[in-house]
Amino acid sequence: GAGVSQSPSNKVTEKGKDVELRCDPISGHTALYWYRQSLGQGLEFLIYFQGNSAPDKSGLPSDRFSAERTGGSVSTLTIQRTQQEDSAVYLCASSPLLGGRTEAFFGQGTRLTVV
Amino acid sequence: GQQVMQIPQYQHVQEGEDFTTYCNSSTTLSNIQWYKQRPGGHPVFLIQLVKSGEVKKQKRLTFQFGEAKKNSSLHITATQTTDVGTYFCAGPGNNAGNMLTFGGGTRLMVKP
């Protein structure tokens, strides 16, 4: 595809259930970010993948959160035992990191609602 | 680690008034980027500044990069209702991966 694709676009889950959010970055982009955005708030950094390097997980809020990036492409963010405070929009972005160009291209996000 | 701070957090203006948001970094930046997020949308890249003291314009938007490459500003002349949204600045970190660090954003509201 031409842009960053995220699925599902909306997810409603019961408290305590696990959820998986998917991100398909732009082909060839080596960097991939996950952010969380609560209503009316800024971008909360979660995790950063860059090529084959170890990911920067410093933003993950608890051990219930984990993320993988398989084959340097698709990424999955997993939230275990969801809590109501996990409700937010989860945004994925990818970046080419080529020739000094580092701009991030964002997906449309996944709106997660924990009831 | 590197921090990118933005002020103000919110700004209400009357349509036709000017608007400025400021971005400050705790470290020197190789470049600074600006993004706009419309209500209900996702952040969209606007521009990248690279050179010390650089000024770039996009119609009514003027972007500046400070001489010390530690601060930047976005100025909108004669705001319109279409300018409503949150404006974020972002700079690459100092790690080898050049991870982008975003400021907290400035939410602009325009009264018609």
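Our subject is the structure that appears above.
Criteria and thresholds
- Residues numbered from 1 in each chain as written.
- Chains lettered and ligands numbered in written order.
- Predicted model: local features only at pLDDT ≥ 70, side-chain atom pairs only at ≥ 80, totals over all residues.
- Heavy atoms only, no water.
- Helix = DSSP H or I, 4+ residues; strand = E, 2+ residues; numbered from the N terminus.
- Rg over C-alpha atoms; globule rule 2.2 N^0.38 Å.
- Buried < 20%, exposed > 50% of the residue type's maximum accessible area, 1.4 Å probe, protein only.
- Contact = heavy atoms within 4.5 Å.
- Lys, Arg positive; Asp, Glu negative; His and termini not counted.
- Charge placed at Lys NZ, Arg CZ, Asp CG, Glu CD.
- Disulfide = S-S within 2.5 Å.
- Pairing = 2+ DSSP bridges.
- Buried area = accessible area lost by both parts, 1.4 Å probe.
- Salt bridge = Lys/Arg side-chain N within 4 Å of Asp/Glu carboxyl O.
- Nonpolar A, V, L, I, M, F, W, Y, C, P; charged D, E, K, R; others polar.
- Axes fitted to C-alpha atoms, helices over the stretch in contact; angles between N-to-C directions.

Draft legend 1. Spotlight on the overall build of chain B. Secondary structure assignment for chain B yields zero helices and 11 strands. Taking 2.2 N^0.38 as the reference for a compact globule, 112 residues should give roughly 13 Å; the C-alpha atoms of chain B span a radius of gyration of 14 Å, in line with that estimate. Per-residue burial over chain B gives 49% buried out of 112 residues. For chain B, long-range pairs separated by at least 24 residues make up 54% of all intrachain contacts whose partners lie at least 6 apart in sequence. On chain B, the mean spot of the 11 positive side-chain charges and the mean spot of the 6 negative ones are 7 Å from each other.

Draft legend 2. Quick look at the state of the cysteines. Scanning the model with the defined rule gives two disulfides over all chains in all. Residue C23 of chain A pairs covalently with C92 of chain A via a disulfide, S to S 1.9 Å. What sets the handedness of the C23 of chain A and C92 of chain A disulfide is the S-S torsion sign, and at about -65° it is left-handed. One end of the pair, C23 of chain A, is in strand β3 (residues 19-24); the other, C92 of chain A, is in strand β8 (residues 88-95), with 69 residues separating them in the sequence. Comparing C23 of chain A with C92 of chain A shows no difference in burial state: the two are buried. Through a disulfide, C23 of chain B is tied to C89 of chain B; the S-S separation comes to 2.0 Å. On the sign convention where negative is left-handed, the bridge of C23 of chain B and C89 of chain B, at about 75° about the S-S bond, is right-handed. In this pair, C23 of chain B sits in strand β3 (residues 19-25) while C89 of chain B sits in strand β9 (residues 85-92), placing the two residues 66 residues apart along the sequence. Its relative accessible area of 2% is what places C23 of chain B among the buried residues.

Draft legend 3. Structural context of the pairing of strand β6 (residues 55-58) of chain B. Residues and elements named next belong to chain B. When β6 meets strand β7 (residues 61-65), the two strands line up antiparallel, connected through four bridges. Bridge pairing in β7 places Q58 opposite L61. Between the antiparallel neighbours β6 and β7 lie two residues, among them K59 with a positive phi of about 55°.

Draft legend 4. The arrangement of the interface of chain B and chain A in detail. On the chain A side, the residues contacting the 18 residues of chain B number 19 residues. Of the roughly 1500 Å² buried between chain B and chain A, counting both surfaces, carbon and sulfur atoms make up 56%. For the chain B face of the interface with chain A, the top three residues by lost area are H42, M99 and F102 of chain B, together amounting to 32%. Applying the counting criterion to the chain B and chain A interface returns zero salt bridges. With three residues, strand β4 (residues 32-37) of chain B is the largest single contributor of residues to the side of chain B that touches chain A. Here the residues of the side of chain B that touches chain A sort into eight nonpolar, nine polar and one charged.

Draft legend 5. Summary view of the sheet that holds β3 of chain A. All names here are of chain A. The strand order β1-β3-β7-β6 describes an open sheet built from four strands, whose pairing is antiparallel. Of all the strands in the sheet, the pair left with one neighbour each is β1 (5-7) and β6 (65-69). Pairwise comparison of adjacent strand axes, ignoring direction, gives a mean angle of 15° for this sheet. Alignment of β1 against β3, held across three bridges, turns out to be antiparallel. When the sheet's bridge partners are listed, S7 is paired in β3 with R22.

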